[in-house]
Amino acid sequence: MGLTKPFLDKISTDTVRGPLNLITDVPGVSVGQTTFNSGTHHTGVTVVRPTNDNVFLKKLPAAAHVINGFGKSTGLVQINELGTLETPIVLTNTFAVGNAETALVEEMMSENTAIGDTTGTVNPVILECNDGDINDIRDIFITKEDVSNTLHHTGKSFDEGTVGAGVGMSCYDLKGGIGSASRVIKIDGKPFTMGALVLSNYGFLRDLNIYNVPVGEKLDAFNAEKKQKEKGSIVTVLATDIPFNSRQLTRIAKRASVGITRTGAFIGNGSGEIVVAFSTANRVAHYPKTELTSQAAISDDKIDRYFRMTVSVVEEAVLSVLTHATTVTDRKGKPRLSLHDALQAYQDEHHDPDISRLQSQLGL
């Protein structure tokens, strides 16, 4: 899905969108979501399954990068120590991390009876944002069963915007949520894919800039309760079948910050920006048969175009959040406007040709 119109901010010129324009364009990757959106409950779960086989037994090269660490994620320390991912990735709200971790551990133990018995434990990866402005987060609503059900129902196609873990999230003080995009690149004549999925809950409206249109400055009049501090977050999951090693994936993950900020954000003191990147190439056996291994890898001297690819796919994923999200009435009975509704309300009064053009460019 991603954006339905051509992406105009082409920092990456030698790539094209994948067929779905979703993270699931990467072979083997699937996504599942559970959504709660009624009353005071505006929350949910989003799961990224990195492979369609047993990822504990055949781990993936991976890296985690903390851009700003105001967050409560689990599993990042071991990813960066060992350079591998061995579980699906679960996204949810901050206070659901505990239930999500238990559910993911139970799922992995059911698939691998040796865990905690004849082999070591498992490193569950849970990523979170605080949806407490819109959702009644004190009512710890997400259960282990919700997470388990989501883990068991993943697929290639999924919705974006006000869904899954993104139901109660904001983006530039507008409605935020889940967004995704993908890019395909040719390497030695063969196609390879990179996909991004973001859980977007960050930014000041006044800073929002899309395709060089100062959207935030124009819409700021609709933002009656202007926040004084940046207390949001954005979680980014990057998936690829390009054969990067874990060190290179760290470098790739760092470039996500550029895609995050190209729409105007600055990454504040109270914001949690976390990136997890993995490659489905170069699998790492849990029970290796030999001590020596060999892995294909991209030459670092050729890596700049993959940095550009990363920036492009993350930026589009953020814009996809804004274009797909729908207005939600928050736990206090106030609307959190979508970009679509906010632009339309602005146009009803101003008939701004720049905004008209932007609406067309974004397919709103």
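Reading guide: rules and limits
- Residues numbered from 1 in each chain as written.
- Predicted model: local features only at pLDDT ≥ 70, side-chain atom pairs only at ≥ 80, totals over all residues.
- Heavy atoms only, no water.
- Helix = DSSP H or I, 4+ residues; strand = E, 2+ residues; numbered from the N terminus.
- Buried < 20%, exposed > 50% of the residue type's maximum accessible area, 1.4 Å probe, protein only.
- Pairing = 2+ DSSP bridges.
- Axes fitted to C-alpha atoms, helices over the stretch in contact; angles between N-to-C directions.
- Contact = heavy atoms within 4.5 Å.
- Arc of directions from axis to C-beta.
- Parallel < 35°, antiparallel > 145°, perpendicular 65-115°, else oblique.
- Left-handed = near helix turned anticlockwise from the far one by under 90°.
- Nonpolar A, V, L, I, M, F, W, Y, C, P; charged D, E, K, R; others polar.

In the annotation of an unreviewed UniProt entry, the chain is listed under the name D-aminopeptidase and assigned to Secundilactobacillus pentosiphilus.

**Student:** When you look at unusual backbone geometry in this model, what are you seeing that I'm missing?
**Tutor:** Most peptide bonds take the trans form, and the phi angle of most residues other than glycine is negative. The backbone phi angle of Y211 is positive, close to 50 degrees, even though this residue is not glycine. Summarising the element assignment, Y211 is placed in the loop between strand 11 (190-201) and helix 4 (215-219). What makes Y211 buried here is its relative accessible area of 16%. Located in the positive-phi region is N282, a residue other than glycine, with phi close to 55 degrees. You can see N282 is positioned in the loop between strand 13 (272-279) and strand 14 (284-285). Residue classification places N282 among the buried residues on the basis of a relative accessible area of 16%.

**Student:** Is there a simple way to think about the sheet that holds strand 7 (residues 125-129) in this case?
**Tutor:** Remark on secondary structure: sheet strands pair via backbone hydrogen bonds, oriented parallel or antiparallel. A sheet is described by the order of its strands in space; here four strands give the open sequence 2-3-6-7, paired in mixed fashion. With partners counted over all chains shown, the strands left at the sheet margins are strand 2 (30-38) and strand 7, one partner each. Taken pair by pair, the neighbouring strands of this sheet meet at an average axis angle of 15 degrees, ignoring direction. With three bridges connecting them, strand 3 (residues 41-49) and strand 6 (residues 89-93) associate as antiparallel partners. Looking across to strand 6, one finds that V47 is bridged to V90. Relative to the sheet, helix 2 (residues 97-111) contacts strand 3, strand 6 and strand 7, its axis offset from that of strand 7 by approximately 160 degrees. Strand contacts of helix 3 (residues 144-151): strand 2, strand 3 and strand 6, with the helix running at about 140 degrees to strand 2, the strand carrying the most contacts.

**Student:** For this particular structure, what's the right way to read helix 3?
**Tutor:** Since one α-helical turn is 3.6 residues long, residues separated by three or four positions face the same way. Listed as buried for helix 3 are D146, V147, T150 and L151. Take helix 3 and look down its axis: the buried residues cluster within an arc of 135 degrees, on one side only. Contacts from the buried residues of helix 3 go to strand 2, strand 3, strand 6 and helix 2.

**Student:** Would you explain the packing of helix 7 (residues 339-350) against helix 8 (residues 353-362) in this entry?
**Tutor:** The relative placement of two packed helices is expressed as an angle between their axes plus a distance between the axes. Interaxial distance between helix 7 and helix 8 falls to 10 Å at its minimum, and their mutual angle equals 155 degrees. By the criterion of interaxial angle, the relationship of helix 7 to helix 8 is roughly antiparallel. As helix 7 packs across helix 8, the resulting crossing turns out to be left-handed. Counted together, L339, L343, Q344, Y346 and Q347 of helix 7 and I355, S356, Q359 and L362 of helix 8 form the full contact between these two elements. Residue composition of the contact of helix 7 with helix 8, grouped by class: five nonpolar, four polar and no charged.

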